Amino acid sequence: MQWRSLVLGLLLLRLGLQALLALLPALAPGLCLRRRFPFPFPPPPAALGPPAAPGRGGGDGGATGGDEYERRYSGAFPPQLRARLRDAARGMFVFGYDSYMRHAFPRDELDPLHCRGRGPDHDPSNLNINDVLGNYSLTLIDALDTLAVMGNSSEFQKAVKLVIDTVSFDKDSTVQVFEATIRVLGSLLSAHIIITDTKQPFGDMTIKDYDNELLHMAHDLAVRLLPAFENTKTGIPYPRVNLKKGVPPDSNNETCTAGAGSLLVEFGILSRLLGDSTFEWVARRAVKALWNLRSNNTGLLGNVVNIQTGHWVGKQSGLGAGSDSFYEYLLKSYILFGEKEDLDMFNDAYRNIQNHLRRGREACNEGEGDPPLYVNVNMFTGQLMNTWIDSLQAFFPGLQVLIGDVEDAICLHAFYYAIWKRYGALPERYNWQLQAPDVPFYPLRPELVESTYLLYQATKNPFYLHVGMDILQSLEKYTKAKCGYATLHHVVEKTKEDRMESFFLSETCKYLYLLFDEENPLHKSGNKYMFTTEGHIVSVDERFRNSLWQDILPGEEDSAEKIKPNELKAVNFSSNCNRVPDERRYLLPLKSNYMRQIDRMVGLI
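Residues numbered from 1 in each chain as written. Predicted model: local features only at pLDDT ≥ 70, side-chain atom pairs only at ≥ 80, totals over all residues. Heavy atoms only, no water.

Description of the overall build of the protein chain
Filter applied, for reference: Numbering of helices and strands runs from the N terminus; a helix is a DSSP stretch of H or I covering at least four residues, while a strand is a stretch of E covering at least two. Per-residue accessibility, obtained with a 1.4 Å probe over protein chains only, is compared with the maximum for each type, and a residue is labelled buried under 20%, exposed over 50%, and partly exposed between these values. By definition in these notes, contact holds between two residues if any of their heavy atoms fall within 4.5 Å.
From N to C terminus, the protein chain includes 21 helices and 20 strands. Within the protein chain, the fraction of its 605 residues that count as buried is 59%. Partitioning the contacts of the protein chain with sequence separation of at least 6, the portion at a separation of at least 24 is 72%.

Observations concerning the packing of helix 8 (residues 177-196) against helix 9 (residues 213-225)
We count it as follows: Working convention: axes come from line fits to C-alpha atoms, limited for helices to the stretch in contact. Angles between N-to-C directions cover 0 to 180 degrees. Here the angle decides the label: under 35 degrees means roughly parallel, over 145 means roughly antiparallel, 65 to 115 means roughly perpendicular, and every other value means oblique. Rotating anticlockwise by less than a right angle from the far helix to the near helix defines a left-handed crossing, while the corresponding clockwise rotation defines a right-handed one. Under the grouping applied here, Gly and all other residues not named as nonpolar or charged are polar, the nonpolar ones being Ala, Val, Leu, Ile, Met, Phe, Trp, Tyr, Cys and Pro and the charged ones Asp, Glu, Lys and Arg.
Here helix 8 crosses helix 9 at 160 degrees, and the two axes come no closer than 9 Å. Here helix 8 is positioned roughly antiparallel relative to helix 9, judged by the angle of their axes. Relative to helix 9, helix 8 is oriented so that their crossing is left-handed. On helix 9, the residues that touch Val177, Ala180, Thr181, Val184, Leu185, Leu188, Leu189, Ala191, His192 and Ile195 of helix 8 are Leu214, Leu215, Met217, Ala218, Leu221, Ala222 and Leu225. For the contact of helix 8 with helix 9, the class distribution of residues is 15 nonpolar, two polar and no charged.

Some words on the sheet that holds strand 6 (residues 304-306)
Put simply, the test is: At least two bridges found by DSSP between two strands are what make those strands a pair.
Here three strands make up an open sheet; going across it, the order is 5-6-7 and the pairing antiparallel. Looking at the sheet topology across the chains shown, the edges are occupied by strand 5 (254-256) and strand 7 (312-314). In this sheet, adjacent strand axes meet at a mean angle of 35 degrees when their direction is disregarded. Here two bridges tie strand 6 to strand 7, and the two strands are oriented antiparallel to one another. What sits directly across from Val305, in strand 7, is Trp312.

Points about the layout of surface pockets
Filter applied, for reference: Both cavities and pockets are sets of points on a 1 Å grid over the protein atoms alone; in a cavity a 1.4 Å probe fits but cannot get out, in a pocket the set is open with protein on both sides within 12 Å along at least five of seven lines, and lining residues sit with an atom within 4 Å of a point. Grid points are joined across faces, edges and corners, and a volume is the space filled by probe spheres set on the points.
What the largest pocket holds in volume is close to 1300 Å³. What lines the largest pocket is a set of 50 residues, and nearest its centre among them are Gln176, Glu179, Ala321, Leu392 and Arg445.

With respect to the pattern of salt bridges
Just so we agree on the cut-off: Put simply, a salt bridge is a Lys or Arg side-chain nitrogen that is within 4 Å of an Asp or Glu carboxyl oxygen.
Summed over the entire model, instances satisfying the criterion amount to 30 salt bridges. The shortest N-O distance in the salt bridge between Arg284 and Glu341 comes to 3.6 Å. Separated by 57 residues along the polypeptide, Arg284 in helix 12 (residues 278-291) and Glu341 in helix 14 (residues 340-356) bring together distant segments of the chain. Each of Glu109, Asp111, Arg116, Arg118, Glu179, Arg183, Arg499 and Glu501 takes part in a single network of salt bridges with overlapping partners.

Re the state of the cysteines
Note the threshold: Here, the term disulfide refers to a pair of cysteine sulfur atoms separated by no more than 2.5 Å.
Going through the model one piece at a time under the given rule, you end up with one disulfide. Residue pairing for Cys115: its cysteine sulfur links by disulfide to Cys483, the two sulfurs lying 1.8 Å apart. With the S-S bond torsion at 80 degrees, the cross-link from Cys115 to Cys483 turns out right-handed. Highlighted residues: Cys115 in the loop between strand 1 (109-111) and strand 2 (116-118) and Cys483 in the loop between strand 15 (480-481) and strand 16 (484-485), separated in sequence by 368 residues. For the pair shown, Cys115 and Cys483 are each scored as buried.

Notes on the packing of aromatic side chains
This is how the line gets drawn: Two rings from Phe, Tyr or Trp (for Trp, the six-membered ring) form a pair when their centres sit within 6.5 Å of each other. Planes less than 30 degrees apart are called stacked, planes more than 60 degrees apart edge-to-face, and all others tilted.
Throughout the structure, instances matching the rule amount to 21 aromatic pairs. Note on Phe346 and Tyr350: the rings are 5.7 Å apart at their centroids and 20 degrees apart in plane angle, and the pair reads as stacked. With Phe346 and Tyr350 both in helix 14 and four residues apart, this pair spans about one turn of that helix. Comparing Phe346 with Tyr350, the two get one shared label, buried. Among the aromatic side chains, those forming a connected cluster through ring pairs are Phe346, Tyr350, Tyr374, Phe395 and Phe396.

Below is the structure:
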């Protein structure tokens, strides 16, 4: 009988506590009870408990699960919390940047665990390091425009002077053409544009007695990259070049589609600023050569090609590593330069991606079947090649925002966010069939943050502020090290690697900061800006619409139809997926049952 009395007593105690909790809202004014937002982060999502599993056939899975998501994501986002998160994102950048300057400069990268610098090791087999590091203070250069975006004029001016005074590209360093272009060339051009902007929207970023030094440095670097485009039968460049000696004698004849076909934005800007068509021409020739090698059957491109024969060595067609920024730059080249052929290529590519790579139900937010997912297929047959996606693919929802395909972007973003919620990071490769990482490291990549930021700008839905808060919290909790932020060696075990890649400061911190900084001049100045694939900002204006490249491509003048800046809205061409209506912005971007369905897809519930 004693156990019955004990159970009855516990039941009565529980009922009493529930009654008291029910009365608290009414008593709160008299008791001065109010919700306090912890600084800088709220409790982790796990504190909410797992959402209820969805019912079969798209049912709502019970009211409790729906309420769980509503409470977690659809409430108002207090301005005070947003300001604290903005400051926390700035603090994250400052800690990483100051640690680099204190412990690593003038070397390329920071080793955040041992508080020391890292440069190229000149081991030809160690491409992961030497493709990126050129012995030219990479992290400092890559971070320049982030300093400006955050309004730190004094440090921006100091950093620019350091680059001008200490950096030289006359180095016996063999670097990947793609990485040197997007990280170094792109940042030099972005900083030059910021310095010479007569409006100075970010504060006074001018440099006393500035004589276009950054532009001259960009020109010097690009000239050193040009040998990669020589002695190639297809016009597709070699993947690597020595900054002093040119293409190495034992250079590989194979390159990836993204590496060879994602140079047009930076090379095009340089050509148009200098009035020299050479750089844009070689980049355009490479893009067209790749485009002409697409499959006649599917219209898809592979991910690795032989630059001499044009033979596809890698026949995988996907949206991740090896392919991602090729598609991104078809669209962004059009946005920046207004060349209609760039948009035509992008439209065809996007249509073929939808036809052959997209799996799942037709409508993102309703209907039967699995939520949509973009998979890796054989470029010639469209048949599935494997069951993994990689973290670089998380950029694609942001690209879909730029073309107006917001509904599909919302659904795809939710898939990557569900993986993030499960691990507190995105594994480099995730096997969606096994619901487990194939490659478990996370090098502080920005792609999910980028898409989160762009989706918030498109929808103003506070859901994406909650997502950004989760990402910021995870980075702070799992990747912060003694001197900066470290790569996660294993997203499950949370072990660290001693490396902070430069894109953490140039992209990850920048997008997080902008997500929470509603009043940033980038949003309010009236100027139009575009982000490069490395997150560098460039202004979209008339001076980049004066084309020079036709001068050495005779016969193409008539076909190169121009788009004027005020016609840029044409990029939002989607027929059935437009900007999210105002009345829906403060609802969950996905219905609760479909959010749970996506969580279930990745094994979160």
